[in-house]
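Structure at a glance
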Amino acid sequence: MKVQGTCLLLTLAGLASAQDVAIAGGGGYGGGHGGDHGHWPRRPLVESSRLQRTLSSRNLMKHAKKFVKFSELSNGTRAFGTKAHNASIAYIKDLLDKTRYYDTEYQTFPYLFSEGSATFAANGTAYDTAWFTYGPAGDVTAPIVVVANVGCETADYPAEVAGKIALIKRGSCEFGRKVALAGASKAAGAIIYNNADGPVGGGTLGAISRPDVGPYIPIGSITGLDGAALVATITAGSEVVGTLKVDAINEDRFTSNVIATTKLGDKENIVVAGGHTDSVPAGAGINDDGSGVMGILEIALQLPEFSVTNAVRFAFWTAEEYGLVGSEHYVTNLPEEERQKIALYLNFDMIASPNAGYFIYDGDGSAFNLTGPAGSEHIEKTFEDFFVGAKVKSAPTEFSGRSDYGPFLDVGIPAGGLFTGAEDKMTEEEAQWWGGEAGVAYDKCYHQACDGIDNLNTKAWIVNTKAAAHSIATYARSVAGIPRGPRPQAEGLRVASMTHDQRRHQGCGHEVLAA
């Protein structure tokens, strides 16, 4: 799909505005318990081992097949704002509503979606080409004109660049300024080549537009070697005709968090468990983070068989892959009184990696010297105790804020969670611990099209889902060990001050402790 000019605003059909939605509907998953608060049937207080026994890999796989089916609505992706993502969150909310055990809501808001790709050929030769974030769509075939110096000044662009493709060297100023200056000089397109032999790598124009400099035009990047060769050919007097094709979408999209809070339980001590519902545009994200979301969804569907001392809130975050957008929106819009009511946050992001490690966020800072708010060490110990009981070796992972727990850390809420690894490679010692493959990524399909149902490690998935259930049951019974005095005034969220592109580098990343 090609989109040019001003941003488009997509309507998220069928989603409610961000308000509490009264739950309707009959029985279904979770036994159909319902009625007003005075007529709840008597049920046992949730207990870890009993909640764990309700969980099965069979039910988890049923959800996974649904998520794969949803991805087919959007060409294999469940990125936020797509039909597939909308279907995913509607599925989650519908199942939770049918239990009649939760007050549910969509928390809906717009956010900028920017995604694209570029191809470039010159005189019939194709070149490896990369797209720049915010670059507009377009299809240009025209002679190539070499820009003087590094294209940071208007004077660097000769008059003959009008209607042509500007060839610009990297350096000195930001990419966005170069492209806007080329647009102001009426170039039809632009190619930026690296100031070193290799590719430019990931790049961004830095902002959605630069009206103070000039209009953006279709843009791509090539290696320094390829750019230098083109410059040599052109300066020797030969005409080089280039073809630049850019497919890009730059638009605001409405998207939603799904929030479900138990009707029962102490609302002054809320236990929050969350994971993100979106994938990267490249694939369906069945491990990242379908695994975490489906794990806590299944727990939420079984919890209605029990009562709780403390209220439990399940949070299904949107747009994590664009920089913790959903969780940041939730925390930013959380009134101070409500922030004080949240006892702790539990995060489950990638819990079924095919070459899985069993990692726990380092809440006490003993491994990475990054300590969470008081109480985070207790959460870490709760998970450690589970794995000891399950006879599974666990290891710490950095508490860096690189997933949806980050905004909670920033406002002083203790947090913890699980992670089975992403693009980093398993060590020899870890392979001995977990029976994996040394020297191979924990998830070889991380952020790729192959992150489908075959990418799930079902053994790790059910173990980690039971670990999640253990933590939820533990704190739904009692928050002993979690400080509950008034928290200091929050100073603000780190991610909120970042640019759109900086935020995109925040999602789904954790350092693990080398064995």
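A brief report on the enclosed structure follows. (Residues numbered from 1 in each chain as written. Predicted model: local features only at pLDDT ≥ 70, side-chain atom pairs only at ≥ 80, totals over all residues. Heavy atoms only, no water.)

1. Observations regarding the packing of aromatic side chains
A complete count under the given rule lists 27 aromatic pairs for this structure. Measuring from ring centre to ring centre gives 5.5 Å for Phe-70 and Tyr-91, while their planes differ by 65°; the resulting arrangement is edge-to-face. Within this pair, whereas Phe-70 is found in helix H2 (residues 57-71), its partner Tyr-91 is found in helix H3 (residues 83-99), the two being separated by 21 residues in sequence. Residues Phe-70 and Tyr-91 agree in their burial class; the two are buried. Centre to centre, the rings of Tyr-101 and Tyr-102 are 5.1 Å apart; their planes meet at 80°, and the pair counts as edge-to-face. When sorted by exposure, Tyr-101 lands in the same class as Tyr-102, which is buried. Cluster of aromatic residues (ring-pair linked, three or more members): Tyr-358, Phe-359, Phe-386, Phe-387, Phe-419, Trp-433, Trp-434 and Tyr-442. Above the ring of Tyr-106, the side-chain terminus of Lys-93 is found at 5.2 Å from the ring centroid. (Phe/Tyr/Trp six-rings, centres within 6.5 Å; stacked < 30°, edge-to-face > 60°. Helix = DSSP H or I, 4+ residues; strand = E, 2+ residues; numbered from the N terminus. Buried < 20%, exposed > 50% of the residue type's maximum accessible area, 1.4 Å probe, protein only. Lys NZ or Arg CZ within 6 Å of the ring centre and 35° of its normal.)

2. Quick look at the packing of H2 against H3
In the contact formed by H2 and H3, the axes pass within 8 Å of each other and the chain directions differ by 145°. The handedness of the crossing between H2 and H3 comes out as right-handed. Residues His-63, Lys-66, Phe-67, Phe-70 and Ser-71 of H2 lie in contact with H3, whose contacting residues are Ala-84, Ala-87, Ser-88, Tyr-91, Ile-92 and Leu-95. When the residues that make up the contact of H2 with H3 are grouped by side-chain class, the tally is seven nonpolar, three polar and one charged. (Axes fitted to C-alpha atoms, helices over the stretch in contact; angles between N-to-C directions. Left-handed = near helix turned anticlockwise from the far one by under 90°. Contact = heavy atoms within 4.5 Å. Nonpolar A, V, L, I, M, F, W, Y, C, P; charged D, E, K, R; others polar.)

3. What about the pairing of strand E16 (residues 415-419)?
Here E16 lies mainly inside the structure; five of its five residues are buried. The two faces of E16 match: Ala-415, Gly-417 and Phe-419 on one face and Gly-416 and Leu-418 on the other face are all buried. Note: strand E13 (residues 342-348) against E16, four bridges, orientation parallel. Within E16, the position partnered with Phe-348 by the bridge is Leu-418. (Pairing = 2+ DSSP bridges.)

4. Describing the environment of Tyr-102
By the secondary structure assignment, Tyr-102 is in strand E2 (residues 102-122). Judged by relative accessible area, which is 0%, Tyr-102 ranks as buried. Taking the C-alpha atoms as reference points, Tyr-102 and Pro-304, separated by 202 residues in sequence, lie 8.9 Å from one another. One polar contact links the side chain of Tyr-102 to the main-chain carbonyl oxygen of Ala-300, over a distance of 2.5 Å. (Polar contact = N/O pair within 3.5 Å; in protein donor to acceptor, adjacent residues only side chain to side chain.)

5. Points about the state of the cysteines
In total, this model carries two disulfides according to the counting rule given. Each sulfur of the disulfide joining Cys-152 and Cys-173 lies 2.1 Å from the other. Handedness of the Cys-152-Cys-173 disulfide follows from its S-S torsion of about -95°: it is left-handed. Residue Cys-152 is located in the loop between strand E5 (138-146) and strand E6 (165-169), and its partner Cys-173 is located in the loop between E6 and helix H4 (175-184); the two are separated by 21 residues in the primary sequence. Residue Cys-173 is classed as buried on the basis of its relative accessible area, which comes to 16%. Sequence-ordered numbering of the bonded cysteines in the protein gives a disulfide pattern of 1-2, 3-4. (Disulfide = S-S within 2.5 Å.)

6. Overview of helix H7 (residues 325-332)
With seven of its eight residues buried, H7 lies for the most part within the structure. Listing the buried residues of H7 in full gives Val-325, Gly-326, Ser-327, Glu-328, His-329, Tyr-330 and Val-331.

7. Notes on the environment of Thr-420
Residue position: Thr-420 is located in the loop between E16 and helix H11 (428-434). Put simply, Thr-420 and Phe-359 are 61 residues apart on the chain and 5.8 Å apart in space, counted from C-alpha to C-alpha. Not counting residues up to four positions away in its chain, the partners in contact with Thr-420 are Met-350, Ile-351, Ala-352, Ser-353, Asn-355, Ala-356, Gly-357, Phe-359, Tyr-442 and Asn-464. A distance of 2.8 Å separates polar atoms of two side chains, one belonging to Thr-420 and the other to Ser-353.

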